[in-house]
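Descriptive structure summary
Chain by chain, the residues:
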Amino acid sequence: MLKIKTADLPALYERIAQTQDLFLPVRSTSQTDYALWQKDAQVDLDTLKTVKSPKDVFFPQSETLYSCHREDGKLSITPQELCDKPFVVFGMKGCDVRGVAVLDKVFLSDPVDSYYAARRAHGIIVALACGRPDTSCFCTAFGVDPAAPEGDVVTWMVGDWLYWEAKTDKGTSLTQALRDLFEDADEDTVEQAKIAIRTMLEKLPYANLTLEGWGAEAADTRFDSPIWEQLYKPCLACGTCTFVCPTCQCYDIRDYSTGDGVQRFRCWDSCMYSDFTMMAHGNNRTSQLQRFRQRFMHKLAYFPANNDGMFSCVGCGRCVDKCPSHLNIVKVIKAFGKEG
């Protein structure tokens, strides 16, 4: 276990950025999101949840796949270069790290997505324990421990110190390169911090949220439930929930004319949109009820049925905070449970 004064963190950021890209929470125009570190960046480790999750470091909101050019009657295709250098994602909370594990199930299964795989191979996750969980958090329902998140390196902010512990080979290599910036620390302070975080979690509104009845079996038992008819009506189909979600992985592929060629790119899409997966014959989900049900059944039934019981929700609470109609996955879970 190592530690560094929080006042010395700018020196840590600068050292990391000398050899690799560094992404971390940056405050801009009154909100905080992950961005590439610059010397004048307003780093914000105090905000519990960034507006968007850091998933787009690994799965960008928009990325070019390849470019096409026609010259002298010949067509050439140039694939986009894959990520080929290491980078660090600093300050990821436990829910967002688990979100990456969900994306791994999708993009690293056969056929492997080479763009995502290259970023995962080169990315180093420095996780940060939650100092003060929020009332909209319910990550523990999905087995996430915000007091001891997963990551290549795990850190804790306690008082004027950042405590640092390498967990993987990637994390150990990064730590060795930065070792002179740290001093040795004992684990007692961190253990006390973990206890304090877990005590706070027990007092949150969703502390006793149960997933009873959800999982693979829910695909048969809850698909035709009349409860969906009661739930979906306030939905505006705005897609905000999918935009801020750390695990949503749907994307569209489009072509863009550059004037002297065409770029094919992919961009995030949303199952809440009426034209999602639209084909020549139309859309197989023709009502908002069907689209609404699909989103939550995928996270709570279809995904665990195909991924060894892993849910496609991590309990970050962003949909709770952001939905303009106050619809979210907690409301769905409760509507089908004893709380409803």
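As shown above, the structure is provided for reference.
Presented here is an overview of the structure given in this document. Nothing here was measured: the structure is a model prediction, and the numbers come from that model.

1. Overview of empty space enclosed by the protein
- This model, assessed by the stated rule, comprises five cavities of 30 Å³ or more.
- Size it by volume and the largest cavity reaches roughly 130 Å³.
- Surrounding the largest cavity, 19 residues form its lining, Cys235, Cys241, Met272, Cys323 and Leu327 being those nearest its centre.
- Among the elements that take part in the lining of the largest cavity, helix α9 (residues 288-306) stands out by supplying three residues, more than any other.
- In this model, the second largest cavity occupies a volume close to 120 Å³.
- Lining of the second largest cavity is provided by 17 residues; of these, Cys245, Pro246, Cys313, Cys316 and Cys319 occupy positions nearest its centre.
- For the lining of the second largest cavity, the elements supplying multiple residues, two or more each, are α8 (240-244), α9 and α10 (318-322).
- In terms of residue class, the lining of the second largest cavity is built from ten nonpolar, four polar and three charged.

2. What to know about the environment of Asp44
- Inspection of the secondary structure puts Asp44 in the loop between β3 (31-36) and β4 (62-71).
- For the pair Asp44 and Thr32, spaced twelve residues apart in the sequence, the C-alpha separation amounts to 7.0 Å.
- Excluding residues within four positions of it along the chain, Asp44 makes contact with Pro25, Arg27 and Thr32.
- Reaching out from Asp44, the side chain makes a polar contact with the backbone nitrogen of Asp46 at a distance of 3.2 Å.
- A polar atom in the side chain of Asp44 sits 2.4 Å from the side chain of Thr47.

3. Let's talk about helix α4 (residues 169-178)
- Listed in full, the buried residues belonging to α4 are Gly171, Leu174, Thr175 and Leu178. Within α4, the buried residues cover an arc of 100° as seen down the axis, which keeps them to one side. Facing away from the buried side of α4 by over 90 degrees, the exposed positions are Asp169, Gln176 and Ala177.
- Here the buried face of α4 lies against β1 (2-5), α1 (9-17), β6 (87-92), β7 (123-128), β8 (153-158) and β9 (161-166).

Rules and cut-offs
Residues numbered from 1 in each chain as written. Predicted model: local features only at pLDDT ≥ 70, side-chain atom pairs only at ≥ 80, totals over all residues. Heavy atoms only, no water. 1 Å grid on protein atoms, 1.4 Å probe; cavity = no way out; pocket = protein on both sides within 12 Å on 5 of 7 lines; lining within 4 Å. Points joined across faces, edges and corners; volume = space filled by probe spheres on them. Helix = DSSP H or I, 4+ residues; strand = E, 2+ residues; numbered from the N terminus. Nonpolar A, V, L, I, M, F, W, Y, C, P; charged D, E, K, R; others polar. Contact = heavy atoms within 4.5 Å. Polar contact = N/O pair within 3.5 Å; in protein donor to acceptor, adjacent residues only side chain to side chain. Buried < 20%, exposed > 50% of the residue type's maximum accessible area, 1.4 Å probe, protein only. Arc of directions from axis to C-beta.

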